[in-house]
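Structure assessment
Below, each chain spelled out in residue letters.
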Amino acid sequence: MQGDGSVQYAGTALYGVALSETSFVNYTRLGTDWILQDTSGKRLSSFSGSGYPLVGPQGRRLFNVKSDLSGIIELDKAGAVLWERDFPALMTTLSVQGDLLVVGLLNGSLLLMNTQGFPLFEYSPGGSRIPVILGTAAAPDGSLIAAVCGIGPQHLTVLSRQSAGYAPLATLGLSSDYRREVRMGFSPDSRYLYFEGRSGAGLFEPAGQSLRWVSLRGRLAGAAFPGHGRLVALASRDGGRAQIAIEPPSGGAVYREEFPARELYLGNIDGQLLLGWDGQLLRIDIEAR
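Fair warning: this is a prediction, and the values are worked out from it, not measured in the lab.

Here the focus is unusual backbone geometry. A cis geometry characterises the amide bond from G152 onward to P153, with omega recorded as -5 degrees. On the secondary structure map, P153 appears in the loop between β14 (144-151) and β15 (154-162). Of note, Q209 is a non-glycine position whose phi angle comes to about 50 degrees, a positive value. Counting through the fold element by element, Q209 comes out in the loop between β19 (200-205) and β20 (210-215). What makes Q209 partly exposed here is its relative accessible area of 42%. Although it is not a glycine, D278 adopts a positive phi angle of roughly 45 degrees. Its place among the elements puts D278 in the loop between β26 (272-277) and β27 (280-284). Residue class for D278 comes out partly exposed when judged on its relative accessible area of 39%.

Set out below in structure tokens:
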């Protein structure tokens, strides 16, 4: 969709969609042959694999996550293997940003890899009865790595880039007890980290090491930073109901609404907010008064 509301491409998800800013793969649950298309639906290339396709957020990198979660393969746009790596434990979460790939493992380890699949950094947060990485995120500028870790207790770990790798910046205890992957990510300017919490979404500012919570009902379904980062939009879904909250990252409500929805999507276009739900798409313009 373009900023004026005209639709470039419309289609039905076969099972899942590996989506980036410039391209996507619409794949079936058990399919092994995939088609990479641009935002207008034009076929760019086709490739095969055993597992699930993954496209980096900028569309520059293409991956095949193995079906048993034991490893990952990076492919070029023609489908040829660039590199392949297996891990000592099952993958539980991953994050792609530019040239960096961060993988979280069932054994509680975080691995940072470069574009050749070579490990640049490894870290095990520890401090929990059951070590596991439940969510991870890399900042767009590569300056920070964050993870939700462990069971009994669960905590947030944030690492900052140093001359010799990454070092712990903050560790915060959480009241959550998730046994699944946690949704989390950074703002486009790398200033704020959002992550799923027990009763809403956490917003952490690494520079000041300040954390605040935005109350939401149900499971965090998406986050976006409209107004070129001046605002944060957070959406949650609880059964057939959804909530959206829009406010400055530092706090202070701008807009909050609840509505019926079973499927939910948040995104940005031209600095404005896109809200998709149950086959409908709405652009929300933010106006200063």
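Still to come is the rest of the account.
V148, L156, V158, M184, F186, L193 and F195 are the most contacted members of the largest nonpolar core, which has 19 residues in total. At the level of secondary structure, the elements contributing two or more residues to this core comprise β13 (130-138), β14, β15, β16 (165-174), β17 (184-186) and β18 (193-197). Here the element with the most residues in this core is β14; it accounts for four residues. Leaving out residues up to four positions away in the same chain, M184 has contacts with G135, T136, A137, A146, A147, V148, L156, L193, Y194 and F195. Ranked by size, the runner-up nonpolar core spans 16 residues in total, among them A242, I244, F259 and I284.

Criteria and cut-off values
In every chain, residue numbers begin from 1 and rise along the written sequence. Given that this is a predicted model, residues contribute local features only at a pLDDT of at least 70 and side-chain atom pairs are listed and counted only at 80 or more, while totals for whole chains, interfaces and linings are drawn from all residues. Hydrogens and water molecules were not included; the side-chain quantities draw on all heavy atoms of the structure. The helix count covers DSSP runs of H or I at least four residues long, the strand count covers runs of E at least two residues long, and both are numbered beginning at the N terminus. Between buried and exposed lies partly exposed: a residue is buried under 20% and exposed over 50% of the maximum accessible area for its type, with that area taken using a 1.4 Å probe on protein chains only. Residues enter a nonpolar core if they are buried and are Ala, Val, Leu, Ile, Met, Phe, Trp, Tyr or Cys, with the set joined through side-chain atoms within 4.5 Å. The contact definition used throughout considers only heavy atoms, calling two residues in contact when any of these lie within 4.5 Å.

Distances and angles like these do not, on their own, reveal function.
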